[in-house]
Structure formats: C-alpha cells, structure tokens
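# Structure assessment
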Amino acid sequence: LEKHILPEAIASGKRMVNVLSAGCSSGEEALTISIILREKFPQLSFNILGIDISDLVVAKAIRAEYTDYAIRFVSKDLLKKYFSQKNGNFKFEDRYKTGVKFQKFNLMDFNELPLTVNFDVIFCRYVLIYFDRESKQKVINSFYNKMSSSGYLILGNSESLFSVSSNFKMLHFPSAIIYNRRD
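Residues numbered from 1 in each chain as written. Predicted model: local features only at pLDDT ≥ 70, side-chain atom pairs only at ≥ 80, totals over all residues. Heavy atoms only, no water.

Attention now moves to the overall build of the protein chain. Each helix and strand counted, the protein chain has five helices and 10 strands in total. The C-alpha atoms of the protein chain give 16 Å as radius of gyration, which agrees with the globular expectation for 183 residues (16 Å, within 12%). The C-alpha extent of the protein chain, read off along each of the three principal axes, is 45 × 40 × 30 Å. The buried share of the protein chain, reckoned over its 183 residues, is 43%. Put simply, of all contacts in the protein chain between residues at least 6 apart along the chain, 73% involve residues at least 24 apart. For the protein chain, the exposed area adds up to about 10100 Å²; of that, 51% sits on carbon and sulfur atoms. Between the averaged position of the 25 positive side-chain charges in the protein chain and that of its 19 negative side-chain charges there is a distance of 3 Å. (Helix = DSSP H or I, 4+ residues; strand = E, 2+ residues; numbered from the N terminus. Rg over C-alpha atoms; globule rule 2.2 N^0.38 Å. Buried < 20%, exposed > 50% of the residue type's maximum accessible area, 1.4 Å probe, protein only. Contact = heavy atoms within 4.5 Å. Areas by Shrake-Rupley, 256 points an atom, 1.4 Å probe, with all protein chains shown as cover. Lys, Arg positive; Asp, Glu negative; His and termini not counted. Charge placed at Lys NZ, Arg CZ, Asp CG, Glu CD.)

Another aspect to go through is a nonpolar patch on the surface. A contiguous nonpolar patch, built from Tyr126, Ile129 and Tyr130 and spanning about 350 Å² of accessible area, is present on the exposed surface. Mapping Tyr130 onto the fold places it in the loop between β7 (119–124) and α5 (133–145). Its relative accessible area of 66% is what places Tyr130 among the exposed residues. (Patch = residues over 30% accessible without salt bridge, like charges linked within 9 Å, V, L, I, M, F, W, Y side chains within 5 Å. Salt bridge = Lys/Arg side-chain N within 4 Å of Asp/Glu carboxyl O.)

You will see that Ser25, though not glycine, has its phi angle at about 50 degrees, which is positive. Following the sequence through the fold, Ser25 ends up in the loop between β1 (16–22) and α2 (28–40). Given a relative accessible area of 33%, Ser25 falls into the partly exposed group. The backbone phi angle of Ala64 is positive, close to 55 degrees, even though this residue is not glycine. Structurally, Ala64 can be placed in the loop between α3 (55–63) and β3 (65–66). Residue classification places Ala64 among the buried positions, given a relative accessible area of 0%.

Next up on the list: the sheet that holds β1. Remark on secondary structure: sheet strands pair via backbone hydrogen bonds, oriented parallel or antiparallel. Overall, mixed pairing links the seven strands, which are arranged β6-β2-β1-β7-β8-β10-β9 in an open sheet. Pairing within the sheet leaves two strands with one partner each, and these edge strands are β6 (100–104) and β9 (168–173). Each adjacent strand pair in this sheet contributes to an overall mean axis angle of 20 degrees, direction not counted. Against the sheet, α2 engages β1, β2 (45–52), β6 and β7, with an angle of about 170 degrees to β2. α5 rests against β1, β7, β8 (147–155), β9 and β10 (176–181) of the sheet, and its axis sits at about 140 degrees to β8. (Pairing = 2+ DSSP bridges. Axes fitted to C-alpha atoms, helices over the stretch in contact; angles between N-to-C directions.)

Turning next to α3. Two to three positions downstream of the cap, the backbone nitrogen of Leu56 sits 3.2 Å from a side-chain oxygen, assigning the N-cap of α3 to Ser54. Phi for Ala64, located one or two positions after α3, is positive at around 55 degrees. (Polar contact = N/O pair within 3.5 Å; in protein donor to acceptor, adjacent residues only side chain to side chain.)

So, on to the packing of aromatic side chains. As enumerated under the stated definition, the model contains six aromatic pairs in all. Plain terms: the ring middles of Phe83 and Phe92 are 5.3 Å apart, the flat faces sit at 80 degrees to each other, and that makes the pair edge-to-face. Using a relative accessible area of 10% as the deciding quantity, one classes Phe83 as buried. Phe92 gets classed as buried once you look at its relative accessible area, which sits at 0%. Ring geometry for Phe110 versus Phe143: centroids 5.2 Å apart, planes at 85 degrees, classification edge-to-face. Remark: Phe143 occurs in helix α5 and Phe110 occurs in the loop between β6 and β7; sequence separation between them is 33 residues. Residue classification places Phe110 among the buried residues on the basis of a relative accessible area of 0%. Counting every residue linked through ring pairs, the aromatic cluster contains Tyr82, Phe83, Phe92 and Tyr96. The ring of Tyr69 has Arg72 lying over it, and the distance from NZ or CZ to the ring centre is 3.7 Å. Just above the ring of Tyr144 sits the side chain of Arg181; from NZ or CZ to the centre is 3.8 Å. (Phe/Tyr/Trp six-rings, centres within 6.5 Å; stacked < 30°, edge-to-face > 60°. Lys NZ or Arg CZ within 6 Å of the ring centre and 35° of its normal.)

Any functional reading would require information beyond the geometric quantities listed.
Right, here's the structure in full:
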C-alpha cells in the first residue's frame, strides 16, 4: 500500500482514495491505514470503511481502545501522536478518526451495501479461509462489482483467488501478492 499502490494513485492524479477493510475485526487494520495515509500521503483525502459481521468487534473498533500487545509495533512517535492512555489501554484519538467509519455487515450480503463510491483498495485478509468455494466466489464477485476499474484486492498470505475468480490478475511485490481488477 505504502510503497506501490498509493504512490501509483498519486502519479495517476488521484486525490481521493476509498479503502475497505472487510472483516475489520476490532479496527487495527483500518486505523493503521489511516495513519499511513496521514503520515505518508497528506495530499490524499480518504474514506476508509471497516465492516465485520460481529457486533462485539465493531463496537470495539468504534471505541478504538487497544492493549499494549495490540499496539506493540506502533513506533513511540506515532503512539504519542495518535493515542492517549486510558484505563491502562491506548485510545486512538477521536480527532484522527475523520475519514474512518465502522459498521456491522455480512460479506455474503456485500452487493446490498449501499455505496456511493467504488473502492480503490479492498483489504480482506484472513477472512476467506473460513468460506467454502461458492461463498468465496460470491464475495469476490461482489468486491469486483464495488471496486474502481484499477482497484486492488489484498488478501492474507495463505489466501488465493486460484479457482475462485479470473476477474483479477495477480501482482507480485517483494513482500506480498496482491490482485488488480481486470476490466
């Protein structure tokens, strides 16, 4: 995202990026993406939507309070800037939540999600491993339909679109395999 996708977006003239964190759990991924955008790409506006099927984890994502373990990879400078300490935990500052939204939603109903934008990047990491092939195909086709023409799909390292969809081409990066939408 930081080294390839966002620089490419800027080079193509984009000024707004729309990102989906599908299966967002308690929000760490979506908030990390927002920090990357704020720190490294201040010229880009952004909307990040985190969705998950669990009421419990969506409520936790909205609260944005994390233990020492959850923020163990956050540098001291970023921790000081984006978090405050609360009840022994680290609370992501409300003033930095602009552009980030969380909501309960079932990926199997993704086509029904009322959206006014298409996503430039969809993160769906370590979620599809729990789906059978038919369900994976349904979700991936829904992603394709809600994605910009040059959109990217980022899956977990153990996940693949092999025998699931031919609507995406695989791209190899030094530390990841991601997918680019085919038209």
